[in-house]
Amino acid sequence: MVKYKGMNLLFTFLGLFFFSLQAESVTTLKSVSSYIKLNNAATGSTGYVIYAGNTYNDCVGDGTLPCDSCVKAAAPIKGLAGNSTGLACNNGEIYPNLGFSVTISSDQKTSYESGCSSMILVMFGSTVIVPSAITTFTPDTANQDITATWTWGGICEKLGSSATCEASFSETVKIGFNKTCSNSTFSDGAIDLKIAFRYIGYGPPMSFGCDENALGAFEALCDFTLFPGDEKGYIKNSGANTVNSLIAGNQSASGSGYASAADASGVTYSQARFYYSKGSDFSILTTASQYKDIEMNVAGLQADSITGLQNGAQYVFLAASKDQAGNIIHFSDPTYAGNGLAMSALTTPLGETQSIIPEPVEGLLKDQRCFIATAAYGNSQDPQVSILRNFRDQYLLKSKWGQKFVQWYYLVSPEIANKIKTNPWLRAVTRVILWPIVGAAQLALWLPEAGAQTSSAGLDLGPEFDAEKSDKFQKPPGPAEGGVINVPHPLEKKGLIRINADGSYMYKTKKLIRTKSAQVLMGSLPSLQIGLNGQVETFYKSSTPFIVSFSDQSSKNIPFNFLPKQFEGRWGLGFGVLSGNGVLVNSQLPSMESYDLYIAPLTYDLIYKFEYSRTQLLAPFLGAGMGYLGLLEYRNDGNEVSPAGTFFLSALGGLQFSFMRLDPGALFVLQSEYDVTDVWVTIEARYMKSFKQDIDFSGVHVGAGVVLDF
């Protein structure tokens, strides 16, 4: 009986414990109206913040979704200075009878009171904002999603003292379940929801240069610069913003001029909007024109691009500032007399402030392409295109008249190729015309020619040894007193053959002969000269790429066996990269398009290493070989990949120094544990000779690295 009472008390205690845990639960905010973006109020906070905006435009929707006043009240941007109210709009404008819904739930069944007309409360201090509608629910059943709806007119009247939502405010309300229908307290923990609402009663034009040629408070964007690209335009502004410049100004009241104080909503400018259109007439741009929003913060306008433009066509651009509430204001006007700094004064050699003409961009390997043939066959790697490319490289580029022809071809062919690739009939006719040209080129390539072959890079390694001393291990204990006990030594399996009188151990090594070497070598290639003018610096900051190469050296790499055993073959593969920008085809000015040039030398060398002693610290080596330098140029927008390459010959020599032979104990550990017979530090000089005129890197390549013998 006592045992039963104890169990009963235990269950009673557990029930009370779990009930107390449930009582600490809070209301969960499931969602708000779909047109609202819900944000965390602050890091680690359980509250939320929403942004909403309204302008002077009389824009009304269906009561469910906000109104797009930029489209419904579309107005021309140019000439806005003549408008007494300026210009402002919002793609998601709030209006008084627009519904605002919130969905919450609770895991407490007592939160779901029966007979309660206002199940959910929104309270601002002690003021209750009763919802206009609420979904049905089952009383005393936990975890039900309940949606309540208010009108923005009711919210604005309580929080901003304007039922027409024509006043800015920033207030925090609490949302939760109505406790026992009292309309004064919440049944459990409520949710904090901050509402930042901005109203714009007038919108002055953007003042380029910000009047005094300095970015002031509440002025956001002051200028922007356009840069032409390949079927795109790049946009960026001249410098950093300030915290004050990103604060939205108070423009709630109607009038003109610029704000002198922060808006009551506390919102900031977060984006710049760029309206653009094909043509040269700014007057065709309206608030309903095509646009792109670009992020803006204290660091300035984040560089971005507008794609899908047509090369060779002129485009005009006008800008505006966008705040967190979605309001668009401060439209730029190229004719506005109040601009402190004229937009034309902001031009640079690379861009314009108001309009651009996009044009094709070419990379360093532009002369490795065949425009017309590629357009006809549809693939730059088509065998027919490769034949024409090889004919150009091996014949045309080796004579002055051929170089002039290639230069002329690259001047006129892009425009022709653009027409061919979009017309199936022209592609078919061009292939027929190219057929005898391809045949003649193939015949010429079959004729004997002065070839091109190449060299490689690598590093060598060391000798072998029979036994080493080491005082790393202690003597085994002596025999028991009164007799001799023979026991196997635990290091016998690792090669221990004798313990000398001085206590040193003698080992027999497992591997007596080096069979191969592996190397890592780092250094810069000779200066690259690519293209007919050879000006790598036009595209990339350096013409001497840093290369990391990996090599494997062994006598097994020699396909024949009549050479002395000191000769070994070495395969090597290197990798390097250069980064830079392309060049605008028509103006030949640097473009904003970024390029990466990947460089991969593949080498094979025949090496003779002057190593004759197992204790030799220095080992010189000589070699000769051939190789292939592969190039791949990649435009970072993914619209262009250009491969190229050339064979080369090389002669090399160097010196290796073994640290390990100064420390026999360490060398033994490497050999016994990792099968490494030696570690060398190496330096190598290689003369490389390229056999392609438009890809030339002939010169001396010096590298240093580490070699492991196995």
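Read on for an overview of the structure. (Residues numbered from 1 in each chain as written. Predicted model: local features only at pLDDT ≥ 70, side-chain atom pairs only at ≥ 80, totals over all residues. Heavy atoms only, no water.)

So, on to the overall build of the protein. Within the protein, the regular secondary structure consists of nine helices and 34 strands. Residues counted as buried form 46% of the 710 residues belonging to the protein. The contacts in the protein between residues at least 6 apart in sequence include a share of 72% that link residues at least 24 apart. Per element, the accessible surface of the protein, about 34400 Å² overall, is 58% carbon and sulfur. (Helix = DSSP H or I, 4+ residues; strand = E, 2+ residues; numbered from the N terminus. Buried < 20%, exposed > 50% of the residue type's maximum accessible area, 1.4 Å probe, protein only. Contact = heavy atoms within 4.5 Å. Areas by Shrake-Rupley, 256 points an atom, 1.4 Å probe, with all protein chains shown as cover.)

As defined by bridge partners, strand β25 (residues 516–524) adjoins strand β34 (residues 699–709) across eight bridges and the pair is classed as antiparallel. From the neighbouring strand, serine 517 faces β34, where its bridge partner is aspartate 709. Here strand β32 (residues 678–690) runs beside β34; their pairing, made up of eleven bridges, is antiparallel. Its bridge partner lying in β34, arginine 686 is registered against histidine 701. (Pairing = 2+ DSSP bridges.)

Strand pairing in a sheet is mediated by backbone hydrogen bonds. Such pairs are either parallel or antiparallel. One open sheet accounts for four strands, arranged β1-β5-β9-β8; its pairing is antiparallel. Each having just a single partner strand, β1 (28–32) and β8 (133–134) make up the two edges of the open sheet. Contacts between helix α3 (residues 152–160) and the sheet are confined to β5 (99–105) and β9 (146–151), with β9 contributing the most and set at about 70 degrees to the helix. (Axes fitted to C-alpha atoms, helices over the stretch in contact; angles between N-to-C directions.)

If you look at the biggest cluster of nonpolar residues, it comprises 35 residues, and the most contacted ones within it are Phe100, Trp152 and Phe197. Secondary structure elements with two or more residues in this core: β1, β3 (48–55), β5, β6 (120–124), β9, α3, β10 (169–177) and β11 (191–200). Ignoring sequence-local partners within four residues, the contact set of phenylalanine 100 consists of Val32, Ser33, Tyr35, Ile36, Ile50, Ala148, Thr149, Trp150, Trp152, Ile155 and Leu193. Of all hydrophobic cores here, the second largest spans 29 residues; its members include Met206, Ala248, Ala272 and Phe274. (Core = buried A, V, L, I, M, F, W, Y, C linked by side-chain atoms within 4.5 Å.)

What the three strands build is an open sheet, ordered β12-β13-β17; its pairing is antiparallel. The open sheet has two edge strands, β12 (225–228) and β17 (304–307), and neither has a second partner. Taken pair by pair, the neighbouring strands of this sheet meet at an average axis angle of 30 degrees, ignoring direction. Inspection of the sheet shows strand β13 (residues 232–236) paired to β17 by four bridges, in the antiparallel sense. Opposite isoleucine 235, over in β17, you have aspartate 304 as the bridge partner.

The next point concerns the packing of aromatic side chains. The tally for this structure, following the rule as stated, stands at 15 aromatic pairs. Centre to centre, the rings of tyrosine 275 and phenylalanine 331 are 5.9 Å apart; their planes meet at 25 degrees, and the pair counts as stacked. Of this pair, tyrosine 275 sits in strand β14 (residues 269–278) while phenylalanine 331 sits in the loop between β19 (327–329) and β20 (355–356); the two residues are 56 residues apart in sequence, bridging distant segments of the chain. Residue tyrosine 275 is classed as buried on the basis of its relative accessible area, which comes to 0%. Centre to centre, the rings of tyrosine 628 and phenylalanine 647 are 4.9 Å apart; their planes meet at 70 degrees, and the pair counts as edge-to-face. Of this pair, tyrosine 628 sits in strand β30 (residues 618–635) while phenylalanine 647 sits in strand β31 (residues 641–658), and the two are 19 residues apart along the sequence. Tyrosine 628 gets classed as partly exposed once you look at its relative accessible area, which sits at 31%. (Phe/Tyr/Trp six-rings, centres within 6.5 Å; stacked < 30°, edge-to-face > 60°.)

Glancing now at the state of the cysteines. If you walk through the whole model with that rule in mind, you get three disulfides. Between the sulfur atoms of cysteine 59 and its disulfide mate cysteine 67 the distance is 1.6 Å. Handedness of the cysteine 59-cysteine 67 disulfide follows from its S-S torsion of about -65 degrees: it is left-handed. (Disulfide = S-S within 2.5 Å.)

A word on the side chain of glutamine 251. Turning to its location among the elements, glutamine 251 is positioned in the loop between β13 and β14. A polar atom in the side chain of glutamine 251 sits 3.1 Å from the side chain of arginine 198. Apart from residues lying up to four places away in sequence, glutamine 251 is in contact with Arg198, Tyr199, Ile200, Gly201, Tyr202, Pro204, Ala259, Asp263, Tyr269, Ile329 and His330. (Polar contact = N/O pair within 3.5 Å; in protein donor to acceptor, adjacent residues only side chain to side chain.)

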